[in-house]
Each structure stands twice: as structure tokens, then as C-alpha cells.
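Working through the structure, step by step
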Amino acid sequence: AQRVTQPEKLLSVFKGAPVELKCNYSYSGSPELFWYVQYSRQRLQLLLRHISRESIKGFTADLNKGETSFHLKKPFAQEEDSAMYYCALQGGGTSYGKLTFGQGTILTVHP
Amino acid sequence: GAGVSQSPSNKVTEKGKDVELRCDPISGHTALYWYRQSLGQGLEFLIYFQGNSAPDKSGLPSDRFSAERTGGSVSTLTIQRTQQEDSAVYLCASSSSGGETQYFGPGTRLLVL
């Protein structure tokens, strides 16, 4: 079975401070991991995907297979980063493509 | 180009009635997914289509839920005899093929009174 855990429902930081959103996963195979973001009144959109190794909007995430984690980081948070963030895992087999999401973390960046 | 679209954007219905939710994927995308977003359960997978067939229906919560896809394009999610616990936002996503990046629609907000 695959599972994604985001331990923080709410996270508040001040503008310019570093931010880390935690994500841990459980999966027996080799996972494909994603971060999706949902800004207020907008649709869910991909923020980054671990295989692409890109930095989007200053965010990065490193897959740590030993700790089964995929934490999202940004060195200097901006007010426009305030949103709901979901970590997601994509499995294989007949469920190929199916995304399993964590519960989400609401990030608030204060001015 | 046009993204994933869903209709209606909002639907209010009475308990016991049937509802149909529609998804128009990005043109050329062969894979289509339905998810449900609710306060208590977060984002849950419902069903996955590859072309017109559904290799994974494991997330459908009961036999009141069904979905079809025709012409490898539009998909309809049908909920029969709606219950109050069906109230949620129903999201559709498509990708160029299974396993590729999924692009989400705006969702249909369903309220069952």
C-alpha cells in the first residue's frame, strides 16, 4: 500500500524566512514524487516533480530514500507563496498514474 | 492551449437524486483521472482511464458511483441516489499518457442537501 504523510496542517512564517514543508511516504517500490500547490480560488497545479530536479519559484525538494522523505524547501519565503501544498506519490502496476496525496499543508507567509 | 475543463462548476442536489459530472481533458491526452477533495478525507483517487478503458476503479467508494469515457476524450462521473457524505469537490485530471504529469481541472463542487 502507498501512503503519504504531511505532519503539519498549518505552517506560518514571516516573509524572508526559510520554509520547509515536510512529506514522508510509504511505498514498496521506487516512487515518483510530486509537490502540487493550490493558490486561493485557483486549480491544483504542479509545483515540481522529483525526477525533473528543477527549482520552481525558488522551491526545491530532495528525495531521501533512507528517510522516505521528500521535504519541500525555500530559503526566503514570499507572501505570494501562501497556499495549500500537497505532496503526492505515483505508484506503478495497474495503478500506474494514480496519485496518492498527503493531507496537505496550508502555508501562510506574513509580511 | 485550453486546459482541463469541468462542468458544472457547482451543483446542489437533494439526497436521493442522481447527478452527472463532466470532464473535458486536454486534447490528445490519453489518460484521465477522477479525484475527490473533501474536508475530512483530503484528496482521494477515484478512477483512472487509459483511452476508454478503466484499468483502475479501486477508489470508487460504492456501487452508486460509476464513470465512463467515450471517444478517448470526454468523461462522465455519475453518482446515483446521492447521499450527504457525497458532498465534496470532484476533480478531474488528464495526462499525455499514464505516469506523465497530471493537469487538473477547476473541479465541480457538489452539495447534497
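Here is a short report on the structure shown in this document. This one's a predicted model, so the numbers in the text were calculated from it and none came from an experiment.

A separate point is the sheet that holds strand S1 (residues 5-7) of chain B. All names here are of chain B. Spatially, the four strands line up as an open sheet ordered S1-S3-S8-S7, and their pairing is antiparallel. Among the strands making up the open sheet, the edge pair consists of S1 and strand S7 (65-69). This sheet shows a mean twist of 15° between the axes of neighbouring strands, independent of strand direction. The pairing of S1 with strand S3 (residues 19-24) spans three bridges and is antiparallel.

By volume, the largest pocket is sized at about 800 Å³. Per-class residue counts for the lining of the largest pocket are 13 nonpolar, 12 polar and four charged.

With that settled, the discussion passes to the interface of chain B and chain A. Of the residues lining the interface, 22 residues belong to chain B; the matching set on chain A comes to 16 residues. In this assembly, chain B packs against chain A so that about 1600 Å² is buried in total across both faces, 49% of it on carbon and sulfur atoms. The largest share of the area that chain B buries against chain A comes from Leu43(B), Gly99(B) and Phe104(B), three residues that together contribute 33% of it. In this assembly, chain B and chain A are joined by zero salt bridges. Scanning the region where chain B abuts chain A turns up seven residue pairs in polar contact (both at pLDDT 80 or more). Within the residue set of the side of chain B that touches chain A, elements represented by two or more residues are strand S4 (31-38), strand S5 (42-50) and strand S6 (53-56) of chain B. At four residues, S5(B) tops the list of elements feeding residues into the side of chain B that touches chain A. A per-class count over the side of chain B that touches chain A returns nine nonpolar, 11 polar and two charged.

All names here are of chain A. Taken together, three strands build an open sheet; the order of strands is S3-S8-S7 and the sheet is antiparallel. Each end of this open sheet is capped by a strand with a single partner; those strands are strand S3 (19-21) and strand S7 (60-61). Pairing between S7 and strand S8 (residues 72-74): two bridges, direction antiparallel. The partner of alanine 61 across the bridge, within S8, is leucine 72.

Quick notes on the rules
- Residues numbered from 1 in each chain as written.
- Chains lettered and ligands numbered in written order.
- Predicted model: local features only at pLDDT ≥ 70, side-chain atom pairs only at ≥ 80, totals over all residues.
- Heavy atoms only, no water.
- Pairing = 2+ DSSP bridges.
- Helix = DSSP H or I, 4+ residues; strand = E, 2+ residues; numbered from the N terminus.
- Axes fitted to C-alpha atoms, helices over the stretch in contact; angles between N-to-C directions.
- 1 Å grid on protein atoms, 1.4 Å probe; cavity = no way out; pocket = protein on both sides within 12 Å on 5 of 7 lines; lining within 4 Å.
- Points joined across faces, edges and corners; volume = space filled by probe spheres on them.
- Nonpolar A, V, L, I, M, F, W, Y, C, P; charged D, E, K, R; others polar.
- Contact = heavy atoms within 4.5 Å.
- Buried area = accessible area lost by both parts, 1.4 Å probe.
- Salt bridge = Lys/Arg side-chain N within 4 Å of Asp/Glu carboxyl O.
- Polar contact = N/O pair within 3.5 Å; in protein donor to acceptor, adjacent residues only side chain to side chain.

Treat this as a map of the structure, not an account of what it does.
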